[in-house]
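Observations on the model geometry
Below are the chains, spelled out letter by letter.
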Amino acid sequence: FNILSGNTDDHGRNHACLIGPTGLVLSPAYDICPQARTGRDARQAMAFAADGGRAARVGDLVAAAAVYHLDSADAQVIVEHQVAVIHDAWHSVCDAGELTTSQRAAFMERQFLNPGVFD
């Protein structure tokens, strides 16, 4: 999601676990700060690949699937689901945030789903 939303400020203090009834659970997402891009290249603050890779590209993330105990097919399914959720929820989320038409256009394909993430 960080790559798809342009959140390159994904440092360790933006991830947490909570104590749930059955033990630790990942907290809901917070402090997501999509960064405007003028081009197609960006780097994540945190490395996500075993080799230290940080390039904000879905292909690099899927290639690192084994780090997360996934195979590449399962990782690709997760990415496709996240892309679909962003597309499906875009208008309702923008409505809730009272974004203008120009603000919506400025966010989509610059921060959110920037074409460079699919290179």
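Located above this text is the structure these notes cover.
About the thresholds
Residues numbered from 1 in each chain as written. Predicted model: local features only at pLDDT ≥ 70, side-chain atom pairs only at ≥ 80, totals over all residues. Heavy atoms only, no water. Helix = DSSP H or I, 4+ residues; strand = E, 2+ residues; numbered from the N terminus. Rg over C-alpha atoms; globule rule 2.2 N^0.38 Å. Contact = heavy atoms within 4.5 Å. Areas by Shrake-Rupley, 256 points an atom, 1.4 Å probe, with all protein chains shown as cover. Lys, Arg positive; Asp, Glu negative; His and termini not counted. Charge placed at Lys NZ, Arg CZ, Asp CG, Glu CD. Core = buried A, V, L, I, M, F, W, Y, C linked by side-chain atoms within 4.5 Å. Buried < 20%, exposed > 50% of the residue type's maximum accessible area, 1.4 Å probe, protein only. Pairing = 2+ DSSP bridges. Salt bridge = Lys/Arg side-chain N within 4 Å of Asp/Glu carboxyl O. Polar contact = N/O pair within 3.5 Å; in protein donor to acceptor, adjacent residues only side chain to side chain. Phe/Tyr/Trp six-rings, centres within 6.5 Å; stacked < 30°, edge-to-face > 60°.

What follows concerns the overall build of the chain. When you go through the chain residue by residue, the secondary structure sums to four helices and two strands. Ordered by position in the sequence, the α and β elements of the chain form the string α-β-β-α-α-α. In terms of overall dimensions, the chain is globule-like: its C-alpha atoms have a radius of gyration of 15 Å, near the 14 Å expected for 119 residues. Over its C-alpha atoms, taken along the principal directions, the chain stretches across nearly 40 × 35 × 25 Å. Counting contacts in the chain only where the partners sit at least 6 residues apart, residues at least 24 apart contribute 56% of the total. With an accessible surface of roughly 7600 Å², the chain has 59% of that area assigned to carbon and sulfur atoms. Across the chain, the 8 positively charged side chains and the 14 negatively charged ones have centroids separated by 8 Å.

Assignment of secondary structure puts Leu26 in strand β2 (residues 23-26). Through-space distance from the C-alpha of Leu26 to that of Ala16 is 6.2 Å; in sequence the pair is ten residues apart.

Judged by nonpolar contacts, the single largest core of 20 residues is most densely connected at Ile3, Leu4, Val58, Ile86, Trp90, Met108 and Leu113. Contributions of two or more residues to this core are made by α1 (2-5), α2 (58-63) and α3 (72-96). With six residues, the single largest contributor to this core is α3. In this structure, Leu113 is in contact with Leu4, Val83, Ile86, His87, Met108 and Phe118, ignoring residues within four places of it in sequence.

Residues in a regular strand project their side chains so that they alternate between the two faces of the sheet. The pairing of strand β1 (residues 17-20) with β2 spans four bridges and is classified as antiparallel. Opposite Gly20, over in β2, you have Gly23 as the bridge partner. Between the antiparallel neighbours β1 and β2 lie two residues.

The subject of this paragraph is the pattern of salt bridges. One pass over the full model with this rule turns up three salt bridges. Close ionic contact of Asp95 with Arg104 constitutes a salt bridge, the shortest N to O distance being 2.6 Å.

One can find Asn7 in the loop between α1 and β1. On the basis of relative accessibility, which here comes to 2%, the residue Asn7 falls in the buried class. Within the structure, the side chain of Asn7 is placed 2.8 Å from the side chain of Asn2, a separation counted as a polar contact. Among the polar contacts listed, one links the side chain of Asn7 to the backbone nitrogen of Cys33, at a separation of 3.1 Å.

As a further point, take the packing of aromatic side chains. All chains considered together, the criterion is met by two aromatic pairs. Consider the rings of Phe107 and Phe112, whose centres lie 6.3 Å apart with planes at 75°: the pair is edge-to-face. For Phe107, a relative accessible area of 29% translates into the label partly exposed. Judged by relative accessible area, Phe112 falls into the buried class, the value being 14%. Taken together, the ring pairs in this structure connect Trp90, Phe107 and Phe112 into an aromatic cluster.

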